[in-house]
Amino acid sequence: MSTGLLFHPLTLHVPPPTSTPNGPPQPFSTAGNHHRNILSLSETCTSMPQLKQLHAFTLRTTFPDETATLFLYGRILQLSSSFSDVSYASRVFDSIQQENHSSFMWNTLIRACAHDVSRKEDAFLLYRKMLERGMSAPDKHTFPFVLKACAYIFGLSEGKQVHCHVVKHGLSGDVYVNNGLIHLYGSCGCLHLAQKVFNDMPERSLVSWNSMIDALVRVGEYDSALELFRQMQRSFEPDGYTMQSVLSACAGLGSLSLGTWAHAFLLRRCDFDVAMDVLIKNSLIEMYCKCGSLRMGEQVFKGMQKRDLASWNAMILGFATHGRAEEALGCFDRMVRKGENVKPNSVTFVALLIACNHRGIVNKGRQYFDMMVRDYGIEPALEHYGCIIDLVARAGYITEAIDMVMSMPMKPDAVIWRSLLGACCKKGASVELSEEIATRLIETREDNQSSSGAYVLLSRVYASARRWNDVGIVRKLMTEHGIRKEPGCSSIEINGISHDFFAGDTSHPHTKQIYKHLKVIDDKLRSIGYLPDPSQAPLVDSTNDGSKEYSLRLHSERLAIAFGLISLPPQTPIRVFKNLRVCGDCHEVTKLISKVFNTEIIVRDRVRFHHFKDGSCSLFSFRFVRCFFASLVGGGGGVSSQWLLSFISQTLPHVRYAPQVNVLELRLWSLSSFQVSYHQQNVRL
């Protein structure tokens, strides 16, 4: 593409100003005209090559210390910053005598660094240098850019120092400076400080409200964010940035009705440019996927005329968390092919590993982990190690998972140790190994949840080994150390109102009807052969009075599902959101409810979505496979369990289950050959 020329190659050289015996240099007959001509030429600059011509022309034809020339240098500095050439802007700045550096020049360079992702720290360093030299004082234009840079690098300490300077310079009432302070404290998680700045503002702009709403969303105060949004509408019309935060709040609450209202609001009220349109639609994809409506998220994605990397990442992650691994991997393939040619980042590979994890595609997960490092030069972060370790551990490769933990370049966190302990519990690993991992988990001391999770999982290990005395010891230790299991809480939205349930909850106004319907559900499930799994209630006393079975019946998600069945029209999808993982018994019960009551149930637990329909779940069931093939392995034929599990992990994740479940039957002929056939069976997965 041609950059064009500001000057014709044959343009006559303009001589520099000459001195006169009676006074200072006179550049031309009319001294200001030349500078004005250069300034007018700067208005036509559209590229760096043109700007460099203008800069060279200025150097040749003006005196460097003239006030008008310094003004031109400021203009050149501003243009080079606007063209995102911060290096050139820095060289222009350094070429000017230090005593001639004006506040405008400092602000221009600080702003350029604050807008450059790789130079955020330089913005604060420039500000410090500005103070050290003391020739130009910071003003109301300086602080917003410095605060923006501090917010990006999470420089809370530096930001507080800048706040002190703001007060010292008498700018604590400036709306632009206060907006920067709210953004800083919100980004660093200091909600109380952001709230104080917001409350003390004598004047607020739309940006003030947007910054405060965003700060609330960042720390998970979704209800407060939406309440502030309602207050804001009395004074300002929301813009695209407002609605981005609102959509994030809806996603955090899992409120599909509010999210759909926000989508309709956007369609009615807002007209955005292409860049903002992409950001808004990315938020819509994320919101719909997190609220359990993957179909709507996919519809928004397909309707986008322009997509960026965040669009693809949101869609891949949406497919992954809903258990649709094949679609997630296919979306990645489309993203990197020539037509789209979008380069993945670390977030992309986290989403891919989650997809492989939720479907148990072990080898694919290993391939993507290696591809990330080999083909794209992305160094694995803690999140990547957490995903791949959880994947191989859940598939039964406990030793490989432990080897990965030992070879990690960083210290494993509580999530990784909890994944290993959970895998040991489910895969029947030795009690000794489980005890060692539980000890490591407790030693992390990251939060009370990590400790309670360790004790709960360890008690399940003991319960599986029928070491009931050790189960009692674990419960005693939890009591002595004041550790309480995080209570399970499930929420369901009915007519735009969210209803929360805890295990054994009796506080709901419709408790009598809910428990009555629970009895109906229990009777129907038992009539088709359901029996509770008492091992899923390890912390309940093991007696013969049915207390374990009764406690399972009152799990929070069952209460929410029962309330959904009596409150929603027949065959309306029921969406439940739970703060913990769904236990195995509730997973089985929910599948049966979806079949018996002919309704779709969507449950989002701590890590994934489960779509229950016609008695099956969208996520692959390893427990079923182990049970189904146990007799084949134990019945002879010369096939080892390790070989068979390896075959299953590569074959079954690609089998789609229809309402009439396809049960894969293996007729094992020998170690080297086998025949695969499918038989339609009406069985429960």
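Residues numbered from 1 in each chain as written. Predicted model: local features only at pLDDT ≥ 70, side-chain atom pairs only at ≥ 80, totals over all residues. Heavy atoms only, no water.

A. Spatial organisation of the overall build of the protein chain. Looking only at helices and strands, one finds 32 helices and ten strands in the protein chain. Taken across its 685 residues, the protein chain has 49% of its residues classed as buried. A separation threshold of at least 6 residues defines the contact pool for the protein chain, and within that pool the share at least 24 residues apart is 62%. Counting every atom, the protein chain has about 33600 Å² of accessible surface; 53% of that belongs to carbon and sulfur. (Helix = DSSP H or I, 4+ residues; strand = E, 2+ residues; numbered from the N terminus. Buried < 20%, exposed > 50% of the residue type's maximum accessible area, 1.4 Å probe, protein only. Contact = heavy atoms within 4.5 Å. Areas by Shrake-Rupley, 256 points an atom, 1.4 Å probe, with all protein chains shown as cover.)

B. Representation of helix H14 (residues 256–269) within the structure. Helix length check: H14, at 14 residues, gives a terminal C-alpha distance of 20 Å against a target of 20 Å (1.5 Å per residue), a fit within 8%. Here H14 has its buried residues at Leu256, Gly259, Ala262, His263, Phe265 and Leu266. (Expected span 1.5 Å × (residues − 1).)

C. Here's a closer look at the sheet that holds strand S3 (residues 489–494). Here we have six strands laid out as an open sheet, ordered S4-S3-S5-S6-S7-S8, and mixed in their pairing. Of all strands in the sheet, those with a lone pairing partner are strand S4 (497–502) and strand S8 (616–617), marking the two edges. Set on the sheet, helix H30 (residues 584–596) makes contact with strand S6 (601–604), strand S7 (609–613) and S8; between it and S7 the angle comes to about 40°. (Pairing = 2+ DSSP bridges. Axes fitted to C-alpha atoms, helices over the stretch in contact; angles between N-to-C directions.)

D. Seen up close, a nonpolar patch on the surface. Residues Val117, Tyr152 and Ile153 make up a contiguous nonpolar surface patch of about 270 Å² in total accessible area. Relative to the helices and strands, tyrosine 152 is located in helix H7 (residues 142–152). (Patch = residues over 30% accessible without salt bridge, like charges linked within 9 Å, V, L, I, M, F, W, Y side chains within 5 Å. Salt bridge = Lys/Arg side-chain N within 4 Å of Asp/Glu carboxyl O.)

E. Geometry of the confidence of the model for the protein chain. Overall, the predicted model of the protein chain reaches an average pLDDT of 80, with 81% of residues at or above 70. Ignoring residues within four places in sequence, the model shows residues 8–31, a span with pLDDT below 50, making 19 contacts including any to other chains. Counting interchain partners and residues more than four positions distant, the pLDDT-below-50 stretch residues 621–685 has 96 contacts. (pLDDT = per-residue confidence, 0-100.)

F. Inspection of the packing of helix H17 (residues 309–321) against helix H19 (residues 346–359) at higher detail. At a closest axis distance of 8 Å, the pairing of H17 and H19 adopts a crossing angle of 15°. Taken together, the axis directions place H17 and H19 in an arrangement best described as roughly parallel. The chirality of how H17 crosses H19 is left-handed. Between H17, through Leu309, Asn313, Ile316, Leu317, Ala320 and Thr321, and H19, the contact on the second element is made entirely by Val347, Thr348, Ala351, Leu352, Ile354, Ala355 and His358. A breakdown of the residues in the contact of H17 with H19 according to their chemical character gives nine nonpolar, four polar and no charged. (Parallel < 35°, antiparallel > 145°, perpendicular 65-115°, else oblique. Left-handed = near helix turned anticlockwise from the far one by under 90°. Nonpolar A, V, L, I, M, F, W, Y, C, P; charged D, E, K, R; others polar.)

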